[in-house]
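Structural overview for review
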Amino acid sequence: MRLLVVEDEKRIAELVRAALGRAGFVVDTVGTAADAVAGLALATYDAVILDLGLPDGDGLGVLAEIRRLGDSTPVLVLTARDAVEDRVLGLNTGADDYLIKPFDMSELVARTKALLRRPGQALGVVLEAGNVILDTIGRDVRVAGTVVPLPRRELAVLEHLMRRLGRVVPKSVLEDKLYGIDDELESNAIPVHVSHLRKKLIDAGATPEIHTVRGVGYLLTEKAR
Ligand code: CA
């Protein structure tokens, strides 16, 4: 899953990015309200971590703007201001949760996962295809009940293929979902991840198979019994 972190303090932004990255998320960071609004218009994020004190405006303005545009992406607000009025104002503006600075990174990760687990989100938590089960929050994969360790990008490829079981996922969509705006992307990155993933699934005795649709992308299908 891909997250947008809006935080102008570089040190905090880096800590947040690292903590969420270790938890298996793809993270983009921006430092201004303008970049946040632009980023949200360009890419699809599963959640936003939003600092309120930004150099070019208030994070609540960003929140009001994206909600006005009909964007219902879950938003976790970060604020140094622990005034009750700010919290109430934020929740009225459409924030889903609050975290007061300073906060523990483990708390941030837990709250972010909780946001993604909220009912009403179009996000399945546990995906199933044949004998493969993928827990999108716990970030683990089981084949016939046995955990198969996967690097986070292979796991992300599998997640997207499972979400569109039996339908083609374009390679460009995987690139968009797997890589942040600052990542260097080699042209063969996706085919390499898919090839490693395919081999691991076969070795583990998975019943679904990954097919390559030349020039387009990939799809996961269940083997005929
Ligand atoms: Ca700030």
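Quantities reported herein were computed from a predicted structural model and do not represent experimental measurements.

1. What about the overall build of the protein chain?
- Of regular secondary structure, the protein chain possesses 8 helices and 14 strands.
- Scored against the burial criterion, the 225 residues of the protein chain give a buried share of 46%.
- Look at the contacts in the protein chain between residues 6 or more apart in sequence, and 58% of them connect residues 24 or more apart.

2. So, the sheet that holds strand 9 (residues 132-135)
- Taken in spatial order, the 4 strands of this open sheet run 8-9-10-11, and their pairing is antiparallel. At either margin of the open sheet sits one strand with a lone partner, and together these are strand 8 (126-129) and strand 11 (146-147).
- Where strand 8 meets strand 9, 4 bridges bridge the pair, whose relative direction is antiparallel. If you follow alanine 129 over to strand 9, its bridge partner there is valine 132.
- Against the sheet, helix 6 (residues 152-163) touches strand 8, strand 9 and strand 10 (140-143), its axis set at about 110° to strand 9.

3. Looking at the coordination of the calcium ion
- Here the calcium ion is held by Asp8 (OD), Asp51 (OD) and Gly53 (O), and the distances to it run 2.2 to 2.3 Å.
- Sequence positions of the residues that donate to the calcium ion give the spacing D-x42-D-x1-G.
- On the basis of relative accessible area, aspartate 51 is assigned to the buried category, the value being 3%.
- The exposure class of glycine 53 is partly exposed, given its relative accessible area of 40%.

4. Notes on the sheet that holds strand 12 (residues 169-170)
- With respect to topology, 3 strands assemble into an open sheet ordered 12-14-13, the strand pairing being antiparallel. Here the strands that pair on one side only, and so sit at the sheet edges, are strand 12 and strand 13 (208-213).
- Where strand 13 meets strand 14 (residues 217-222), 6 bridges bridge the pair, whose relative direction is antiparallel. Pairing of proline 208 across the sheet is with glutamate 222, part of strand 14.
- Of the strands in this sheet, strand 12, strand 13 and strand 14 are in contact with helix 6, which crosses strand 14 at around 65°.

5. Concerning the packing of helix 2 (residues 33-42) against helix 3 (residues 59-68)
- Put simply, helix 2 and helix 3 touch, their axes get as near as 9 Å, and they point 25° apart. Comparing their axes, helix 3 and helix 2 come out roughly parallel. For the pair helix 2 and helix 3, the sense of crossing is right-handed. Here Ala33, Ala36, Val37 and Leu40 of helix 2 come into contact with helix 3, specifically with Val62, Glu65 and Ile66.
- Among the residues making up the contact of helix 2 with helix 3, the classes are represented as 6 nonpolar, no polar and 1 charged.

Definitions and cut-offs
- Residues numbered from 1 in each chain as written.
- Predicted model: local features only at pLDDT ≥ 70, side-chain atom pairs only at ≥ 80, totals over all residues.
- Heavy atoms only, no water.
- Helix = DSSP H or I, 4+ residues; strand = E, 2+ residues; numbered from the N terminus.
- Buried < 20%, exposed > 50% of the residue type's maximum accessible area, 1.4 Å probe, protein only.
- Contact = heavy atoms within 4.5 Å.
- Pairing = 2+ DSSP bridges.
- Axes fitted to C-alpha atoms, helices over the stretch in contact; angles between N-to-C directions.
- Donors = N, O, S within 2.8 Å, 3.2 Å for Na, K, Ca; no water.
- Parallel < 35°, antiparallel > 145°, perpendicular 65-115°, else oblique.
- Left-handed = near helix turned anticlockwise from the far one by under 90°.
- Nonpolar A, V, L, I, M, F, W, Y, C, P; charged D, E, K, R; others polar.

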